[in-house]
Amino acid sequence: MVGHLNLILRLSIWFLLTADFSPANIIIGIAIALLLPGRPRTPESLKDWLRVLWETIVAIPQAYIEAFEIIFRPHQHEEITLEQVKPGRTPGLIFLDIFVITFTPKTVVVRYRDDGVYEVHRVRRTRPERRNLTE
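Note that the coordinates shown come from a computational prediction; the quantities given were computed from them, not determined experimentally.

What counts and what doesn't
- Residues numbered from 1 in each chain as written.
- Predicted model: local features only at pLDDT ≥ 70, side-chain atom pairs only at ≥ 80, totals over all residues.
- Heavy atoms only, no water.
- Helix = DSSP H or I, 4+ residues; strand = E, 2+ residues; numbered from the N terminus.
- Contact = heavy atoms within 4.5 Å.
- Areas by Shrake-Rupley, 256 points an atom, 1.4 Å probe, with all protein chains shown as cover.
- Expected span 1.5 Å × (residues − 1).
- Buried < 20%, exposed > 50% of the residue type's maximum accessible area, 1.4 Å probe, protein only.
- Arc of directions from axis to C-beta.
- Phe/Tyr/Trp six-rings, centres within 6.5 Å; stacked < 30°, edge-to-face > 60°.
- Axes fitted to C-alpha atoms, helices over the stretch in contact; angles between N-to-C directions.
- Parallel < 35°, antiparallel > 145°, perpendicular 65-115°, else oblique.
- Left-handed = near helix turned anticlockwise from the far one by under 90°.
- Nonpolar A, V, L, I, M, F, W, Y, C, P; charged D, E, K, R; others polar.
- Bend = angle between axes of the 7 residues up to and from the residue.
- Patch = residues over 30% accessible without salt bridge, like charges linked within 9 Å, V, L, I, M, F, W, Y side chains within 5 Å.
- Salt bridge = Lys/Arg side-chain N within 4 Å of Asp/Glu carboxyl O.

**Some words on the overall build of the protein**
Along the backbone of the protein there are four helices and three strands. For the protein, the succession of helices and strands along the chain, N to C, is α-α-α-β-α-β-β. Look at the contacts in the protein between residues 6 or more apart in sequence, and 68% of them connect residues 24 or more apart. Of the roughly 9900 Å² of accessible surface on the protein, a fraction of 66% belongs to carbon and sulfur atoms.

Now the structure itself:
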């Protein structure tokens, strides 16, 4: 069943890019989704996919709230933080994690490193705490 989720993800990205739901475009999208090279099968849990789907749904109202906060109470301070990727994430789930982080106005994933870390740029209303690197 999870293979179907990857197909749905590819088709969703196709429809977001083309914004065309004509029968010809649907056939082209399905063909491209099926012809794209796969990756070695890794165990994905439906629970992980449902959790990411829920986080995506929750991110929509959170994005509106953060947008109004930025409009009415400007955020003057920035910081780059490192967030560890959850263990056992497949490339599809990593993509959705990056999408959820970047969807909200206060955070943007700047880079995904090969060692399993996201570099996240955040804007804040208050000055970020200075951390002592010698500790």
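**Some thoughts on the side chain of threonine 81**
By the element assignment, threonine 81 lies in strand 1 (residues 77-84). Filtering out sequence-adjacent residues up to four positions away, threonine 81 remains in contact with Tyr118, Glu119, Val120 and Arg122.

**Here's the deal with helix 2 (residues 23-35)**
Its 13 residues give helix 2 an end-to-end C-alpha distance of 18 Å, which sits within 8% of 18 Å, the value for a rise of 1.5 Å per residue. Of the residues making up helix 2, those classed as buried are Asn25, Gly29 and Ala33. All buried residues of helix 2 lie within an arc of 70° about the axis, which places them on one face of the element. Across helix 2 from its buried face, at more than 90 degrees, point the exposed residues Pro23, Ile27, Leu34 and Leu35.

**Remarks on the packing of aromatic side chains**
Summed over all chains, the structure comprises four aromatic pairs. Measuring from ring centre to ring centre gives 4.9 Å for phenylalanine 15 and phenylalanine 21, while their planes differ by 40°; the resulting arrangement is tilted.

**Details of the packing of helix 3 (residues 46-72) against helix 4 (residues 91-103)**
For the pair helix 3 and helix 4, the least separation of the axes is 9 Å and the interaxial angle reads 15°. In terms of their interaxial angle, helix 3 and helix 4 are classed as roughly parallel. At the point where helix 3 passes helix 4, the crossing takes the left-handed sense. Contact with helix 3, carried on its side by Asp48, Trp49, Val52, Glu55, Thr56, Ala59, Ile60 and Ala63, involves Leu93, Leu96, Asp97, Phe99, Val100 and Phe103 of helix 4 and no other residues of that element. When grouped by side-chain class, the residues that make up the contact of helix 3 with helix 4 number ten nonpolar, one polar and three charged.

**Some points on helix 3**
For helix 3, which comprises 27 residues, the first-to-last C-alpha distance of 40 Å matches the rise-based estimate of 39 Å (1.5 Å per residue) to within 8%. Along helix 3, the helix axis deviates most sharply at isoleucine 60, where the bend reaches about 30°; the proline proline 61 sits within four residues downstream.

**Re the environment of arginine 124**
As for its position among the elements, arginine 124 is in strand 3 (residues 117-124). For the pair arginine 124 and proline 74, spaced 50 residues apart in the sequence, the C-alpha separation amounts to 8.7 Å. When residues no more than four places from it in sequence are discounted, the contact partners of arginine 124 are His75, Gln76, His77 and Glu79.

**Notes on a nonpolar patch on the surface**
There is a patch of nonpolar side chains on the surface, built from Ile13, Leu17, Ile60, Tyr64, Phe68, Ile71, Phe72, Phe95, Phe99 and Phe103 and spanning about 1100 Å² of accessible area. Of all the elements in the fold, those that place two or more residues in the nonpolar patch are helix 1 (2-18), helix 3 and helix 4. The leading source of residues in the nonpolar patch is helix 3, at five residues. One can find isoleucine 60 in helix 3. Judged by relative accessible area, isoleucine 60 falls into the partly exposed class, the value being 40%.

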